[in-house]
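Listed below are the residues making up each chain.
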Amino acid sequence: MESSHKPSGFMKVVIFALVLGLLSFVSNLYADWLWFKSVNYQQVFTIILSSKVLLYIIVFAFTFTLFFVNLLIAGRNIRLQKQNETTQQSDILYLFPDDSTWKKFLTGSGSKWLLVLISALIAFLLSSISSDNWIIVQQYLSRVAVGTLDPVFFKDISFYFFNLEFYNMVYSLLMSNLIFLLIVISIIYFINLSASFISMNWKHFSAGKAHIAIVISLIFLLKAWGYYLSKFGLLFSSSGFVYGATYTDLHARLLAYKVLLIISVVIALLLIINIFIRRMQWIMISIATWIVLVIILQGVYPSLMQKFIVQPNQFNKEKTNIERAIQYTRQAYNLDNVDNKELNISYDLNINDPVHKTTIDNIRLWDWLPLKTTYQNLQQLRPYYVFEDVDIDRYYINGDYRQLMLSAREIDQEGLPTQAKDWINQRLMYTHGYGVVASPVNEIAQEGFPNFFIKDVPPQFYTDLHLDRPEVYFGERTNSYVIVNTNQKEFNYPQGEQNVSTVYQSRSGIALNSFSKRLLFAWVLKDYKMLLSSDINTESQILMNRNVKERTAMLAPYLRFDSDPYIVITPEGDLFWVLDAYSITNKYPYSQPFDADTGANYIRNSVKVTCNAYSGEMQFYIADQNDPIIRTYAKIFPGFYKPLAEMPAGLKSHIRYPEDMFSIQADIFSTFHMTDPTVFYSKEDAWVVPYEIVEDKRTQVQPYYLMMRLPEETEPEYILMLPYSPNNRLNMVAWMCVRMDNGNYGKMLVYNFPKQETIYGPEQIESRINQDTVISQQLALWNQRGSKVYRGNLLIIPMKTSLLYVEPLYLQAENSQLPELKRVIVGYGNKIVMEPSLDAALTALFGSSENTKSTSTTETTAETGEQTVTGLIVSARDLYDKAQESIKEGNWQAYGDNLKQLDEVILKLEALSGIASQASQPSQTTGE
């Protein structure tokens, strides 16, 4: 008898799995809490966890109560019905016999526990899903007003940001509950039906039908509320000429929602009344009427209105909505305050004017991709070091305002030799990267390499920049956890035949000061060696979540982070990562989305995040006090967000306007710069971001940072800019920039060119480069001699009322990964030159004196220089062809002689390029 009460083997496995799952959940939760505590943000963890738990409990309790009560009612109705049927008729035929498994479960002595289990499982499912919406609830409870009303329902925009999101969440939760409930009780009643039910006699089995009717009526009442909420969703409609409510939405779909709301309420009332009147046809007619009206009002009627009323007279019908779309889209992307200026281009540039010095000294000749490869080859130093990215920023170097390119030297443990990839090396010794490399954007050292301001390990400094704490424990590539302050000293950097060691000085990790914590992290990280290692002591710390993107996202998972964290050297000699974070929503009325997947149509660069590369300490600063979303988050997490004014000056001077944000704004502005609804409707002045040639591939121009003096300004400043071309044309129509210095952070400017004048766009300049006989022959020659030419970004440099076009050329051997900057192509007006350096190119264009102006073309170049260069190019081509023929003939002696002569011709050609530059008319100057 006793053995019958023991759990079966299957139940033992189930219980063991549940206990193991619970243990794993609690262990991971406690480990997360220890990590949040180690970074001094345990309050954030508490708020997030308590929000999730409280929402989970509320939803679970509501769902469980709803289902359990209704299942009890269903069971009672079934028992009463059976008693009535047995009394009235002794021989009852049921669809399922009384001894069926289902009926035993549902009507037996243990049925109440089954009802508890069913209710608990459904409650667990719905509450688990709902708990992820904790931020929607918190936003609703902490919402702040925007101060702008929508143009249709005249509600503050905050209603759409916060209230509507919350109401839709509640609606979905309630509807899910009622749909599940209807399905479950219908199944229960169906299993217990008698065969006489098939006759559809409404008076028979009335209790069950009444129960189902009540649930259906609640669904229709809730559906009425859904129609009420849906009318606000029209402001985000994508079915019309513009995004937002259009004529058909406001005159057909809005009417449909109002009518269907009333019909839903009427059907709900009829279902309730019918419980007492018991007229089956009322229900059938009501539901059929609802279905027909849905088809007509939401499908047929809007389509007919759009086709026969709107399309024949679309502009007049949609003019008001076009104006709304323009106004609200510009507001959503912070484009309503863009300062538009007219810029008349002239070709009287005095390149030697001192006002252009800062601009010229900071023209970027190095592209990040070839420079990253060069850094990796020249400064990797050991196979386990890696440069993940190259960042661009501005610094005062020996008193001069300079633009630099920097990259952190991070550690990649995959680069360790195979025999060195043991637990001690990967977890205790090789724990961090070391230092950065930095070089100016425009300087070329010997052999076409960058001129390093910081290089090597330990770091060598060639300016007043310095690093007191060069170790990089946290970065873009550091994805593994490590244990520091152990009995095993850490590798710091190589020095000759020896390695220099170090000990971690910060206390920002999780202390492993007890066996229980070692056991905990051995379990969570699945690393049993943590328990066995004799190197770990009570002073040891574990550093986790070291990737700066993932690290910051753990603290603020509701923000969207920029794709490009960048490294900063502070005046104190510390290394910090700076990350940009965005507030985003898809609920800004009439605003055009920038993200097709999420429908996001509002964005603000509301937060700047700093992360110490040594300690991992993070700070979150509010960068946009006008953003209602970040103000709401600040209320949810008191003390978490700091004012930007509290950011240390050494970091604040390096905050940049992010490229991702600017790209989104520039893309939207390309259409929404047209503020006249007539022009917008016809798209007669639509712009596009132009294309350029990068590494022989047609690529859309990306925003780029420049240090320059804007027209009408007296001081040079740091800007991010992008050119525009007219749609379906290649010339340039405008350029857009955003300012960052001199108290002008975030201010946007657009310089418009005269429409009656042709200003060369990037693709036109690229075509002129390809068509230039001297340049194209030189490129072809390089590409055919075992080398590969890499064409860099074409930069358009505004200088007063003139434009300068600059494109660097890199040369890389096919069997090498070491690009060298060999030439600089510069265009101005109708002239294109290619020279070994930017200075030489500018001299070729403008001459060495202040007032020299070059106007001639290749055909009018100094005759001797032009003929010599051209002749040498032809000779080089002939020698190359002869060498190829010698290979085919198997004449290796002739092949070697031809190559030797070809090398001599190349040397002469490079030497004569200087002669051509000094001629009164440059040999590599072309004109149209």
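S.K.: Sorry, what's going on with the overall build of the protein here?
M.R.: A tally of helices and strands in the protein yields 25 helices and 33 strands. Here the protein holds 928 residues, and the buried ones make up 53% of them. Of all intrachain contacts in the protein linking residues separated by at least 6 positions in sequence, the fraction that spans at least 24 positions is 68%. On the protein, roughly 41,900 Å² of surface is accessible, and the fraction owed to carbon and sulfur atoms is 55%.

S.K.: Can you help me understand the sheet that holds strand S14 (residues 510-511) in this one?
M.R.: The strands making up a sheet associate through backbone hydrogen bonding, with each pair oriented either parallel or antiparallel. Spatially, 3 strands are ordered S11-S15-S14 in an open sheet, and the strand pairing comes out antiparallel. At either end of the open sheet lies a strand with only one pairing partner, and these are strand S11 (482-484) and S14. Both S14 and strand S15 (residues 541-543) contribute to a ladder of 2 bridges, which runs antiparallel. Bridging from a neighbouring strand, Ala 511 pairs with Gln 541 of S15.

S.K.: Looking at this model, I keep getting lost on the pairing of strand S13 (residues 498-502). Mind explaining?
M.R.: Regular strands show a simple pattern: their side chains alternate between the two faces of the sheet. Across 5 bridges, strand S12 (residues 490-495) lies against S13 in antiparallel orientation. Bridging across to S13, Tyr 493 finds its partner in Val 500. Where S12 folds back onto S13 in an antiparallel hairpin, the turn is made up of 2 residues, including Gly 496, whose phi is positive at roughly 65°.

S.K.: What is the right way to read the packing of helix H5 (residues 134-141) against helix H17 (residues 628-636) from this model?
M.R.: The relative placement of two packed helices is expressed as an angle between their axes plus a distance between the axes. Two elements in contact, H5 and H17, have axes whose closest approach is 9 Å; the angle formed by their N-to-C orientations is 95°. Relative to H17, the element H5 lies roughly perpendicular. Note on element contacts: H17 touches H5 through Ile 629, Thr 632, Tyr 633 and Ile 636, opposite Ile 135, Gln 138 and Gln 139. In the contact of H5 with H17, the residues fall into 4 nonpolar, 3 polar and no charged.

S.K.: Explain the packing of aromatic side chains here, please?
M.R.: Each aromatic ring pair is specified by the distance between its two centres and by the angle formed by the two planes. Scanning all chains against the criterion turns up 59 aromatic pairs. Taking 5.9 Å as the distance between ring centres and 85° as the angle between the ring planes, the aromatic pair formed by Phe 161 and Phe 162 counts as edge-to-face. The buried category is assigned to Phe 161, whose relative accessible area is 3%. In this structure Phe 162 comes out as buried when scored by relative accessible area, which is 1%. On the numbers, 5.3 Å between centres and 85° between planes, the contact of Tyr 228 with Phe 232 is edge-to-face.

S.K.: I keep staring at the nonpolar core and nothing clicks. Help me out?
M.R.: Of all hydrophobic cores here, the largest spans 245 residues; its most connected members are Phe 620 and Tyr 641. Per-element tally for this core: the top contributor is helix H6 (residues 157-191), with 18 residues. If you look at the next biggest cluster of nonpolar residues, it comprises 11 residues, including Ile 411, Met 429, Tyr 434 and Phe 491.

S.K.: Before we go on, may I ask you to explain the pairing of strand S23 (residues 691-694) in this structure?
M.R.: The sheet contact formed by S23 and strand S24 (residues 697-700) spans 4 bridges and is antiparallel. Bridge assignment links Glu 692 to a residue of S24, and that residue is Thr 699. Between S23 and S24, which pair antiparallel in sequence order, lie 2 residues; one of them, Glu 695, sits at a positive phi of approximately 55°.

S.K.: I keep staring at a nonpolar patch on the surface and nothing clicks. Help me out?
M.R.: A contiguous nonpolar patch, built from Ile 214, Leu 218, Leu 221, Leu 269, Ile 272, Ile 273, Phe 276, Ile 277 and Trp 282 and spanning about 790 Å² of accessible area, is present on the exposed surface. Going through the elements one at a time, helix H7 (206-233) and helix H8 (247-277) are the ones with two or more residues in the nonpolar patch. Inspection of the secondary structure assignment puts Leu 221 in helix H7. Among the residues examined, Leu 221 registers a relative accessible area of 41% and is labelled partly exposed.

S.K.: What's the story with the side chain of Ser 127 in this structure? I'm lost.
M.R.: In this fold, Ser 127 is placed in helix H4 (residues 111-130). Accessibility expressed as a relative area gives 0% for Ser 127, which makes it buried. Leave out the neighbours within four places in its chain, and Ser 127 touches Tyr 56, Val 59 and Phe 60.

S.K.: Quick question: what am I supposed to make of unusual backbone geometry here?
M.R.: Among all residues save glycine, negative phi is the norm, and among peptide bonds the norm is trans. Following Val 457, the chain continues into Pro 458 via a peptide bond in cis, with omega recorded as -10°. Even without glycine at this site, Glu 695 takes up a positive phi of about 55°. Examined against the element boundaries, Glu 695 turns out to sit in the loop between S23 and S24. Of note in this structure, Glu 712 is not a glycine but carries a positive phi near 75°. Along the chain, the position of Glu 712 falls in the loop between strand S25 (704-708) and strand S26 (717-726).

S.K.: Would you explain the environment of Val 59 in this entry?
M.R.: By the element assignment, Val 59 lies in helix H2 (residues 42-88). Considering only alpha carbons, one finds Val 59 and Ser 128, 69 residues apart in sequence, at a separation of 8.8 Å. For Val 59, the contacting residues outside a window of four places in its chain are Leu 126, Ser 127, Ser 130 and Leu 173.

S.K.: Please explain the packing of H5 against H6 as it appears in this structure.
M.R.: Look at H5 against H6: their axes get within 9 Å of each other, and the N-to-C directions meet at 135°. Taken as axis vectors, H5 and H6 run oblique relative to one another. Of the two elements, H5 crosses H6, and the hand of that crossing is left-handed. Residues Ile 136, Val 137, Gln 139 and Tyr 140 of H5 form the contact with H6, whose own contacting residues are Phe 162, Asn 163, Glu 165, Phe 166, Tyr 167 and Met 169. Considered class by class, the residues forming the contact of H5 with H6 number 7 nonpolar, 2 polar and 1 charged.

S.K.: What is the right way to look at the pattern of salt bridges in this model?
M.R.: Where charged atoms from two side chains of opposite charge approach closely, those side chains can pair. Counting across every chain of the model gives 25 salt bridges. Linking Arg 394 and Asp 393 is a salt bridge whose minimum nitrogen-to-oxygen distance equals 3.4 Å. Its relative accessible area of 3% is what places Arg 394 among the buried residues. In this structure, the salt-bridge partner of Arg 560 is Asp 595, at a minimum N-O distance of 3.4 Å. Linking Arg 560 in strand S16 (residues 560-561) with Asp 595 in the loop between strand S18 (575-585) and strand S19 (602-612), this pair joins segments that are 35 residues apart in sequence. Arg 560 sits in the partly exposed class, given a relative accessible area of 33%.

The rules we used
- Residues numbered from 1 in each chain as written.
- Predicted model: local features only at pLDDT ≥ 70, side-chain atom pairs only at ≥ 80, totals over all residues.
- Heavy atoms only, no water.
- Helix = DSSP H or I, 4+ residues; strand = E, 2+ residues; numbered from the N terminus.
- Buried < 20%, exposed > 50% of the residue type's maximum accessible area, 1.4 Å probe, protein only.
- Contact = heavy atoms within 4.5 Å.
- Areas by Shrake-Rupley, 256 points an atom, 1.4 Å probe, with all protein chains shown as cover.
- Pairing = 2+ DSSP bridges.
- Axes fitted to C-alpha atoms, helices over the stretch in contact; angles between N-to-C directions.
- Parallel < 35°, antiparallel > 145°, perpendicular 65-115°, else oblique.
- Nonpolar A, V, L, I, M, F, W, Y, C, P; charged D, E, K, R; others polar.
- Phe/Tyr/Trp six-rings, centres within 6.5 Å; stacked < 30°, edge-to-face > 60°.
- Core = buried A, V, L, I, M, F, W, Y, C linked by side-chain atoms within 4.5 Å.
- Patch = residues over 30% accessible without salt bridge, like charges linked within 9 Å, V, L, I, M, F, W, Y side chains within 5 Å.
- Salt bridge = Lys/Arg side-chain N within 4 Å of Asp/Glu carboxyl O.
- Left-handed = near helix turned anticlockwise from the far one by under 90°.

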